[in-house]
Amino acid sequence: MLRSVGRVRLWFLLAIPLLAGCLAIVAGLAWLGPLPPLDAAQRSVAPSTFVYDRDGRLLYEVVDQQAGSYRPVPLEEVPLALRQAIVATEDATFYTNPGVDLRAIARSLWINLTSGEIRSGASTITQQAARNLLMGPEERAERSWRRKAREAVLAWRLTRSLGKDAILALYLNETYFGNMAYGVEAAARIYLGKPVAQLDLAECALLAGLPQSPAQYNPLTDLPAAKARQRVVLDLMVAQGMITPERADLAYLEELALAGTPFPIEAPHATMLALQQAGVRLGEEVMRGGGLRITTTLDLDVQRAAEAQVRRHLGALNEAGPSGPGHNVHNAAVVVLDPGTGGILAMVGSPDYFDPRIDGAVNGALALRQPGSSIKPLTYAAAFEQGYSPASVISDVPTSFVTHEGRPYTPVNYDYRYRGPTSLRVALASSYNVVAVRLLDRIGVAALAEMARRLGITSFQSADRYGLALTLGGGEVQLLQLAAAYGAFANGGLRVDPVLVARIETADGRLLYEAPGPACQRVLDERVAWLVTDVLADPMARLPAFGASSPLNTAYGAAVKTGTTTEWRDNWTVGYTRDRVVGVWVGNADNSPMKQITGVTGAAPIWQGVMDSLQPVSTRPFERPEGLVERTVCADSGLLPGPACTRLRDEWFLPGNAPQAACTMHRLEELDAATGRLAGASTPPERRVLRRVTYWPADALLWAEHAGLPLPPEPADGEAAAWAAGDPVDGAVASHAAERGEARPRLASPVTGSTYCLAADIAARYQQVEVVAVGPMGVALTRLTLEVDGVAVHTWTGAPYRAFWPLAPGAHVLRAVAVTRDGTELYSEPVQIMVRDACD
């Protein structure tokens, strides 16, 4: 009896966990719900998505590619490299796992539990195939534990029913690659313009990187991001032993020829960008479901006018002429913005989206290119914030700087000429390079980089590596971001964040997304913005460089700046009125140089044509803000005019920056008619003559001598000079000169780090180096001495300070020592040079 009771108890104890397990299975199955049979996969046609301009005019109808050009290909037509790249990137254990990767699931589970939300999916290739084929659109878009569990069970069942190659073929033919391309065949044709069977390793790696985020890695709108993703794919293939590191490197360096497949579309670059942005906002699954109405900020009339200008002007530039077959310029991009809202009214990414010969599908408005001088207004805006004004004067003279690497850097102007003392108004409007670099040297590279970030330029992440060349376009920018930065000048200092997608609705009118209104974030003092605008809109200030009839001049006074990069690789013109910003880039997508094309001949005519097409909306004059003061100044010094000043102009200043002192650059002096020196106490009255004399700034004396201009008179015999070598131009210049140690002498030539060599076939007495010294600003001197290795070798009693020193083998240290009228000695920074005893 007891034994029977024990058996019952044992069975009861065994039944409890069995029953619990059964209940758990039942509960789990109930939680999972009915799973679709494996043969339930069917291709349902998604309703079309429509993209419109701001007025509801159709730009593009996105027809479900699965019902149209979709064509599955057998696995053997897919290159091995593409199959390997997909496996390495999406599911390295594909051929050994049972449809799910338990280790990846455990890792994903930990990430999701610690974050409190579904962040990591750990989906295998089989899971993705099951999701795409066996789940409906709504379930595919879910981010829930239930969906992941159902997906895992379906993947396990698929693995038991189909072979791995069959599953991989399903994945390759059903996966979404962006731009409405479903499957590798459609992706190969849309992105690369060829069948998938013809792809090489580089192209396979490019496509394999797309499925995780087709919008983020879209090579047609963001080639750098796509290339970075391609590098990741290649590295994963190396890690899996599929290819060698050498093959990976060669594939990464290969030039990609991107191409779009012709189809009916307006504004193709902007439309594709709008679809990409919609995908980022809503998710790719929602985009795949179709049935959306995407309204953009584009104005189709403005868009068509910009496209026409690009085609017409590029055609003219490439016409054969007496000097050759044309200018070798095949690409251009245009952006038109509303600076009040940030709305993109037009975006031309290339003259022909569907022309693979010019990489037409690449959006030139988003490509990173060197902007040349079109970045200079940001330098001047930063300088105006630091106390400079359009009237401030900096000498446009040959100047060398030392880079972080210790090498000399000597900027030159576009025409290899120098103008001496130049106002910042003329220097910016006429685009003088030397003044821009000297100005940046004074305010600091960080000031320009910070100004660019405030105005929305994101590509100057490591400004220090560019050095002073940043103000000449040494860093790369997007045309769209540069146009938006100019928009802050146009709207009085408010940041402009470009907007392309205005709203997204479902077919029945349900609002899914609406762009927020402008943030109205002030990033620049409106007075500083107006000063930059006033300079860029001043046709007289740009007259010395561009003449009276350049395409920069408009009937309604637009503010505008051009840019040209080395070897004519990039032309820019960006300009604006109160209501519109137009940015134009001209060049070649492959970065090959054009032939003798500058910003004013390449990009400016397109800019002018687009601007003219915007009338009358772009004709409102700029309004000067309150809080500026007007002063009449000497145009040569920027100070209040003195009795000897003859060139005057009215200039605007921030209140604290207005000049207080009178100009001493021009003076009325009594000269000795017999000697040309200043009249002294012993000069008889009959030899005294009153003359207007210019006392050039110290750093411009040598320039003045080379230009054949009169130099300051020497003092009378036996008397000390009564003039200061280089009076400060204004408070900002003097302040920065003091901060940078320019209230002491300096050696302008040679530059520290220079290396010279002695030639055996030239007499030693002819092998000399010119030494040019500059006196301290605003300090009167009695003499200035050149020391070499601590020994005085030459003494000047008056400017200009120039001498020739015979070269001697070895390392040498040069220094200038100035003695003021009160006997104080001022020392320059030492200059270190090397002289080799033979030339290689």
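In the block above lies the structure referred to throughout.
Residues numbered from 1 in each chain as written. Predicted model: local features only at pLDDT ≥ 70, side-chain atom pairs only at ≥ 80, totals over all residues. Heavy atoms only, no water.

Visitor: Explain the sheet that holds strand E12 (residues 501–506) to me, please; I cannot follow it from the model alone.
Guide: Paired through their backbone hydrogen bonds, the strands of a sheet run either parallel or antiparallel. With respect to topology, five strands assemble into an open sheet ordered E2-E1-E3-E12-E13, the strand pairing being mixed. Two strands in the sheet have a free side with no partner beyond their single neighbour: strand E2 (58–62) and strand E13 (511–514). Across this sheet, the average inter-strand angle for adjacent strands is 15°, counted without regard to direction. Strands in contact with helix H12 (residues 268–282) are strand E1 (49–52), E2, strand E3 (292–296), E12 and E13; relative to E2, the strand with the most contacts, it is inclined by about 60°. (Pairing = 2+ DSSP bridges. Helix = DSSP H or I, 4+ residues; strand = E, 2+ residues; numbered from the N terminus. Axes fitted to C-alpha atoms, helices over the stretch in contact; angles between N-to-C directions. Contact = heavy atoms within 4.5 Å.)

Visitor: I tried to follow the sheet that holds strand E23 (residues 768–774) on my own but got confused; where do I start?
Guide: Sheet architecture is open: three strands sit in the order E21-E23-E26, paired in antiparallel fashion. One side of each edge strand has no neighbouring strand; the edge strands of this open sheet are strand E21 (746–749) and strand E26 (801–806). Along the sheet, successive strands turn relative to each other by an average axial angle of 35°, direction set aside. Here E21 runs beside E23; their pairing, made up of three bridges, is antiparallel. Counted as the bridge partner of Leu 747 is Ala 773 from E23.

Visitor: Please clarify how the nonpolar core should be interpreted in this entry.
Guide: Note on soluble globular proteins: their nonpolar side chains tend to be buried together. One finds Leu 82, Leu 207, Leu 378, Tyr 380, Ile 457 and Phe 489 to be the most contacted residues of the largest nonpolar core, which totals 144 residues. Considering each element in turn, this core owes the most residues, 10 residues, to helix H19 (residues 479–490). Among residues more than four places away in sequence, those in contact with Leu 207 are Leu 82, Phe 177, Val 184, Ala 187, Ala 188, Tyr 191, Leu 192 and Leu 199. Counting residues in each nonpolar core, the second largest holds 30 residues, with Val 336, Phe 546, Tyr 556 and Val 560 among its members. (Core = buried A, V, L, I, M, F, W, Y, C linked by side-chain atoms within 4.5 Å. Buried < 20%, exposed > 50% of the residue type's maximum accessible area, 1.4 Å probe, protein only.)

Visitor: Before we go on, may I ask you to explain the packing of aromatic side chains in this structure?
Guide: Any two aromatic rings considered together are summarised by their centre-to-centre distance and by the angle between their planes. On inspection of all chains with the given rule, the structure shows 11 aromatic pairs. With a centroid separation of 5.8 Å and an interplanar angle of 75°, the aromatic rings of Tyr 576 and Phe 622 are classed as edge-to-face. Here the residue Tyr 576 occupies a position in strand E15 (residues 570–576), and Phe 622 occupies one in the loop between helix H22 (604–613) and strand E17 (629–634), the gap between them amounting to 46 residues. Both rings, one in Trp 696 and one in Trp 703, keep their centres 5.5 Å apart while their planes meet at 80°; by these two values the pair is edge-to-face. (Phe/Tyr/Trp six-rings, centres within 6.5 Å; stacked < 30°, edge-to-face > 60°.)

Visitor: Where do I start with the pairing of E3 in this structure?
Guide: On a regular strand, one side chain projects to one face of the sheet and the next to the other, so that they alternate. For E3, the tally of buried residues reaches four of five residues, placing the bulk of the element in the interior. As paired elements, E1 and E3 share three bridges and run parallel to each other. When the bridges of E3 are listed, Tyr 52 appears paired with Thr 295. Pairing analysis gives five bridges linking E3 to E12, with the strands arranged antiparallel. Residue pairing for E12: Arg 293 is matched across the bridge by Glu 505.

Visitor: For this particular structure, what's the right way to read the pattern of salt bridges?
Guide: Pairing is possible between side chains of opposite charge, provided their charged atoms come close. Taken as a whole, this structure holds 35 salt bridges when the rule is applied. Put simply, Glu 505 and Arg 503 hold a salt bridge, and the shortest N to O gap is 3.9 Å. Exposure remark for Glu 505: the relative accessible area of 23% places this residue in the partly exposed category. On the basis of relative accessible area, Arg 503 is assigned to the partly exposed category, the value being 33%. A salt bridge links Arg 802 to Glu 705; the nearest nitrogen and oxygen atoms lie 3.4 Å apart. Residue Arg 802 is located in strand E26, and its partner Glu 705 is located in helix H23 (residues 701–706); the two are separated by 97 residues in the primary sequence. (Salt bridge = Lys/Arg side-chain N within 4 Å of Asp/Glu carboxyl O.)

Visitor: When you look at the environment of Ala 205 in this model, what are you seeing that I'm missing?
Guide: If you trace the backbone, Ala 205 turns up in helix H9 (residues 201–208). In this structure, the C-alpha to C-alpha distance between Ala 205 and Leu 234, residues 29 residues apart in sequence, is 6.3 Å. Those residues in contact with Ala 205, other than ones at most four positions away along the chain, are Gln 230, Val 233 and Leu 234.

Visitor: Explain the packing of helix H15 (residues 376–385) against helix H20 (residues 526–536) here, please?
Guide: Each pair of packed helices can be summarised by the angle the axes make with each other and by the distance between the axes. In contact at an axis separation of 9 Å, H15 and H20 are set at 135° when each is read in the N-to-C sense. When the axis of H15 is compared with that of H20, the two are oblique. Where H15 crosses over H20, the handedness of that crossing is right-handed. Between H15 and H20, the residues in contact are Pro 377, Ala 381, Phe 384 and Glu 385 and Val 528, Leu 531, Val 532 and Leu 536, respectively. (Parallel < 35°, antiparallel > 145°, perpendicular 65-115°, else oblique. Left-handed = near helix turned anticlockwise from the far one by under 90°.)

Visitor: Would you explain the environment of Thr 471 in this entry?
Guide: Residue position: Thr 471 is located in the loop between helix H18 (445–454) and strand E11 (477–478). Relative accessible area serves as the criterion here: at 0%, Thr 471 is assigned to the buried category. Along the chain, Thr 471 and Thr 379 lie 92 residues apart, while their C-alpha atoms are 6.5 Å from each other. Aside from chain neighbours lying at most four places away, what touches Thr 471 is Gly 372, Ile 375, Lys 376, Thr 379, Ala 436, Val 437, Leu 440 and Leu 448. Looking at Thr 471, its side chain comes within polar contact range of the side chain of Thr 379, at 2.7 Å. (Polar contact = N/O pair within 3.5 Å; in protein donor to acceptor, adjacent residues only side chain to side chain.)

Visitor: Could you clarify how one ought to interpret helix H8 (residues 184–192) in this entry?
Guide: An α-helix turns once per 3.6 residues; consequently, residues spaced three or four apart project the same way. For H8, the tally of buried residues reaches eight of nine residues, placing the bulk of the element in the interior. When H8 is considered as a whole, its buried residues turn out to be Val 184, Glu 185, Ala 186, Ala 187, Ala 188, Ile 190, Tyr 191 and Leu 192. Along its buried surface, H8 packs onto helix H2 (80–90), helix H7 (164–174) and H9. Residue Gly 193 follows H8 closely and has a positive phi angle near 70°.

Visitor: Where do I start with H22 in this structure?
Guide: Those residues of H22 that fall on the buried side of the exposure criterion are Ala 604, Ile 606, Trp 607, Gly 609, Val 610 and Met 611. Looking at the buried positions of H22, the neighbouring elements they touch are helix H14 (300–317), strand E4 (331–337), strand E14 (559–564), E15 and strand E16 (581–587).

Visitor: When you look at the side chain of Arg 667 in this model, what are you seeing that I'm missing?
Guide: Here Arg 667 is to be found in strand E19 (residues 666–672). Side-chain polar atoms of Arg 667 contact the backbone oxygen of Thr 664, separated by 2.6 Å.

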